[in-house]
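Residues per chain are reported as follows:
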Amino acid sequence: MADWETDRERWPIEEAWPAHVSSIGMDRLDYLGIDRDGNLYWDGKRVEVRRPLSLTFWQRAGAVVISVSALVAAAAAAISAYADIVKL
């Protein structure tokens, strides 16, 4: 267990926070690090942020309709351009 986990001096602003969450004070900033690629580390462990993409049914349906419409429009534009070239 790290020193900062055993030192649970709570500040007034932290009173409403869950027990396992604490602020980063000046004495705890040494646990924070960064590498050359910009990855964030806390106490030597890489911090990962995951935000899964989850769409509702209607959002997926809308994405499919828009994708199909874009493909049809691209195909129509290509056929129109070819028809203009052939007439020359």
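Source: prediction; values computed, not measured.

**Student:** Before we move on, can you summarise the confidence of the model for the chain with the specific residues and values?
**Tutor:** Averaged over every residue, the pLDDT of the chain is 81; the share at 70 or more is 80%. Looking across the chain, the model is least confident in helix α1 (residues 3-6), with a mean pLDDT of 51, and most confident in helix α2 (residues 57-87), with 95.

**Student:** Before we move on, could you go through the pattern of salt bridges and cite the residues and values that matter?
**Tutor:** Scanning all chains against the criterion turns up one salt bridge. The salt bridge partner of Glu48 is Arg50, with a shortest N-O separation of 3.0 Å. Arg50 gets classed as exposed once you look at its relative accessible area, which sits at 68%.

**Student:** Describe the sheet that holds strand β3 (residues 45-46), and please don't skip the residues or the numbers.
**Tutor:** Across the sheet, which stays open at both edges, the three strands sit in the order β1-β2-β3 with antiparallel pairing between neighbours. Each of the sheet's edge strands pairs with one partner strand only, and the pair in question is β1 (32-34) and β3. Note: β1 against strand β2 (residues 40-42), three bridges, orientation antiparallel. Among the inter-strand pairings, Leu32 is bridged to a residue of β2, identified as Trp42.

How each quantity is defined
Counting from 1, residues in each chain are numbered in the order their sequence is written. Only residues with pLDDT of 70 or above have their local features reported here, since the model is predicted, and side-chain atom pairs are shown and tallied only from 80 upward, although totals for entire chains, interfaces and linings are computed over all residues. With hydrogens and water stripped out, all remaining heavy atoms of the structure feed into the side-chain values. pLDDT expresses how confident the predictor is about each individual residue, on a scale running from 0 to 100. Where helices and strands are cited, they refer to DSSP runs of H or I of at least four residues and of E of at least two residues respectively, numbered from the N terminus. For this document, the term salt bridge refers to a Lys or Arg side-chain nitrogen within 4 Å of an Asp or Glu carboxyl oxygen. Remark: exposure states derive from per-residue accessible area (1.4 Å probe, protein chains only) relative to the maximum for the residue type, with buried under 20%, exposed over 50%, and partly exposed in between. Note on pairing: two strands pair once DSSP finds at least 2 bridges between them.

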